[in-house]
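# Geometric and topological summary
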Amino acid sequence: MIKFRFPDGFLFGTGSSAFQIEGSPYADGKGENTWDYSVRNYPEKFYNNAKTEPASHFYTHYKEDIEEMRRQGLKSFRFSISWARIMPEGHGRVNPLGIGFYNDVIDRLIAAGIEPFVDIFHWDLPQALAEIGGFKNPDIIEYFVEYARVCFESFGDRVKLWSTVNEPTVFCTAPYVDGRWYPFETDIRGALLASHNTLLCHFRTVKLYREMGLKGKIGAVIDVVPVYPKDPTGKDVLAAQYQFERGSGWWLYPMFRGHYPENIIRDCDGFRAAMPDGAEEEIAREFVPMDFLGMNYYYPGFAEYDESSIDKSTRVESYYVQEGQYFALYPVGLYDAVNFVTREFGRPEIYITENGLGLVDSGNKEEILEDDVRISYLREHLRMIVRSIEGGADVRGYYYWSNFDSLEATSGYRFRFGFYYVDFETGERTRKKSWEYYRRVISTSLVD
Ligand code: NOJ
């Protein structure tokens, strides 16, 4: 049997985010964020009227959860800080109980030999900031940096891996141009303005981290979606390039090279015209390099040339979407994404910060626990990582998404991604079969 071996010191982990696992949205002085507000005011936008309570009950179960992580042998755990839990209004007042909670999480992880990987922002904007325009309002930059400073001052002595933002394509398009998240707008200009301000939040936060002289690394988590042309010989190749640049490239080029991606701006007039004035010069001025890329990978894109669309491309349905699964399955895309980043940006340090399988909740617990399909998903993707490392990529870690079954943005509790089955009513956790598979991978550093 062929065995794939990971290098020594490889960080095997699992991932999560605050609003998706914590629950207890109003406990101990936490302020309201856009999710808490939206589930109250727009329940119809959420599958089965899902709520941010209970999520995975992490706020009340974290002590036993960290014990379980230790038993599985995890080397790292990725989680995010809830902005409104530590700064209920988004700026100004700090909530000591919120700080205390994350201090305890971090201390327990470290005591269990698990490296904390902390996201500063994973989609849960305090509602008070959303009310004044969210990421479209340039004031967000100052508030974001103020919040990041509180994080660094409170946890920076122990946390060595930081990310500024998670999947900014999603949190800048879903609210402002796709109309799917609060405030449900459909304006490309707004989305590009929000994206620009987000890049400035990122640069200023990296700069602050350097100025504070903390001894760790800081990066950003980007969903790297490789886009393939439907017809690999014609104009679809251009369309694929534009679609990539509009998505992942919109972050990768500024964050690695200090400029927006060039082809889409040169060739797509409508897109260029929707950008904020002076945006390109400002990115060049504010650029600060980061230490690593956190890469989320789930599925690729397929594109066809379309003159009438703002980025001259249309998404093509892929053949890889399977019934009952959240995303298309295409492990080769992970290999391609890692290799692309490695070649294009000079072999940066990479962590695969997300990759995982969401299966529709069939309602049958016994069946859900026997998740052989998740085991083959893991095997296929882990093999791709070893292959890309052998090909020269500097991949340092892998975080399976997600540690627990948890709350998904608008699809609520419909899909289960976790190594643990969570009974959302009682909070009870049960290991799935894949839990043991991953434990073995970690303890041997081998994938078959
Ligand atoms: C990426 C996001 O970062 C995460 O919040 C989400 O749960 C997963 N994708 C799965 O949809």
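Refer to the structure above for everything that follows.
In this text, all values refer to a predicted model and were calculated from it rather than measured experimentally.

Another aspect to go through is the sheet that holds strand S10 (residues 313–315). Strand order in the open sheet formed by three strands is S7-S9-S10, with mixed pairing between adjacent strands. The sheet is open, and its two borders are formed by strand S7 (227–229) and S10, each paired with just one other strand. Between one strand and the next, the sheet's axes are offset by a mean angle of 40°, whatever the strand orientation. Here S7 pairs with strand S9 (residues 301–305) via three bridges, running parallel. Bridge assignment links Tyr 228 to a residue of S9, and that residue is Phe 302. Where helix H10 (residues 236–246) meets the sheet, its contacts fall on S7, S9 and S10, and the angle it forms with S9 comes to roughly 125°.

What follows is about the packing of helix H9 (residues 188–211) against helix H14 (residues 279–286). Two elements in contact, H9 and H14, have axes whose closest approach is 10 Å; the angle formed by their N-to-C orientations is 10°. Looking at the two axes, H9 sits roughly parallel to H14. Contact residues: His 196, Leu 199, Leu 200, Phe 203 and Arg 204 in H9; Ala 279, Glu 282, Ile 283 and Glu 286 in H14. Grouping the constituent residues of the contact of H9 with H14 by class yields five nonpolar, one polar and three charged.

On to the site of the ligand. As a structural note, the neighbourhood of the ligand is formed by 13 residues, with Gln 20, His 122, Asn 166, Glu 354 and Glu 408 the closest of them. A distance of 2.6 Å separates an oxygen atom of the ligand from a polar atom in the side chain of Gln 20. The separation between an oxygen atom of the ligand and a polar side-chain atom of Asn 166 is 2.9 Å. If the ligand stood free it would expose 300 Å²; the protein chains cover 96% of that surface.

Calculation criteria
- Residues numbered from 1 in each chain as written.
- Predicted model: local features only at pLDDT ≥ 70, side-chain atom pairs only at ≥ 80, totals over all residues.
- Heavy atoms only, no water.
- Pairing = 2+ DSSP bridges.
- Helix = DSSP H or I, 4+ residues; strand = E, 2+ residues; numbered from the N terminus.
- Axes fitted to C-alpha atoms, helices over the stretch in contact; angles between N-to-C directions.
- Contact = heavy atoms within 4.5 Å.
- Parallel < 35°, antiparallel > 145°, perpendicular 65-115°, else oblique.
- Nonpolar A, V, L, I, M, F, W, Y, C, P; charged D, E, K, R; others polar.
- Near = heavy atom within 4 Å.
- Polar contact = N/O pair within 3.5 Å; in protein donor to acceptor, adjacent residues only side chain to side chain.
- Areas by Shrake-Rupley, 256 points an atom, 1.4 Å probe, with all protein chains shown as cover.

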